[in-house]
Amino acid sequence: MQKGLFAVGYDDIKSIEYFHQQLDAYWRKDGETIEEAIKQALNEYDTVFEKCERFAEKLYQDASASGSEKYADLASLAYRQAIAAHKIVAGPDGEVLFISKENFSNGCAATLDVTYPSIPQFLLYNPELVKGMLRPIFKYASTEVWHYDFAPHDVGTYPLLNGQVYSNGTTPDWQMPVEECGNMLICAAAVAIAS
């Protein structure tokens, strides 16, 4: 049987607009081009593939030991879906921004009620990603534009993170202060403990 390896890449040039500033994907933070990234991926394929296989097996075994094979199947799928529902970019000061994306509603980004249920796996494997999810929310809540004394629902519609779009950001009747503040307090406390 013949084996082959090929790569397909997509360079989105600028990944997101973050408070009216165009930001690069995190992989570009050191000036790497898409061609260089693909070449590196192909050169490191065997090593990275082995690491991924070991991780997937450990995740499955741990989940199976915690529940059942059905639970392990779900955990394996959920892990991949949760990662795919985020975009990692380098912030204005080089900090990690891990932007959540709502896939089936209005496309809200950096959405607190999406961030909250996804953080357990990132707390376990890389708490810096949780910090990267919270940074846009903290930044937006501290602006003059956000005039409420509770956490916002979102920071924009992907890929434009220029301010809350849920309820047009201004309709008090459609805000969710208890849910979003509860989510934010739990997320901030959890990442503080994990760090």
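Residues numbered from 1 in each chain as written. Predicted model: local features only at pLDDT ≥ 70, side-chain atom pairs only at ≥ 80, totals over all residues. Heavy atoms only, no water.

Asker: How should I be thinking about the state of the cysteines in this particular structure?
Answerer: What we call a disulfide is simply a covalent bond connecting the sulfur atoms of a pair of cysteines. Applying the stated criterion to the full structure yields zero disulfides. Here cysteine 108 stays unpaired: no disulfide links it, and the sulfur of cysteine 187, its closest cysteine neighbor, is 16 Å away. Overall, cysteine 108 belongs to the buried group, its relative accessible area being 0%. (Disulfide = S-S within 2.5 Å. Buried < 20%, exposed > 50% of the residue type's maximum accessible area, 1.4 Å probe, protein only.)

Asker: What's the story with the pairing of strand β3 (residues 86-90) in this structure? I'm lost.
Answerer: In regular strands, side chains alternate between the two faces of the sheet. Counting buried positions along β3 gives four out of five residues, so the element sits mostly inside the fold. Across five bridges, β3 lies against strand β4 (residues 96-100) in antiparallel orientation. Opposite valine 89, over in β4, you have leucine 97 as the bridge partner. (Helix = DSSP H or I, 4+ residues; strand = E, 2+ residues; numbered from the N terminus. Pairing = 2+ DSSP bridges.)

Asker: What's the story with the side chain of lysine 87 in this structure? I'm lost.
Answerer: Examined against the element boundaries, lysine 87 turns out to sit in strand β3. Within the structure, the side chain of lysine 87 is placed 2.6 Å from the side chain of aspartate 12, a separation counted as a polar contact. Beyond its immediate stretch of four places on either side in the chain, lysine 87 contacts Asp12, Ser15, Leu97, Phe98, Ile99, Lys101 and Tyr158. (Polar contact = N/O pair within 3.5 Å; in protein donor to acceptor, adjacent residues only side chain to side chain. Contact = heavy atoms within 4.5 Å.)

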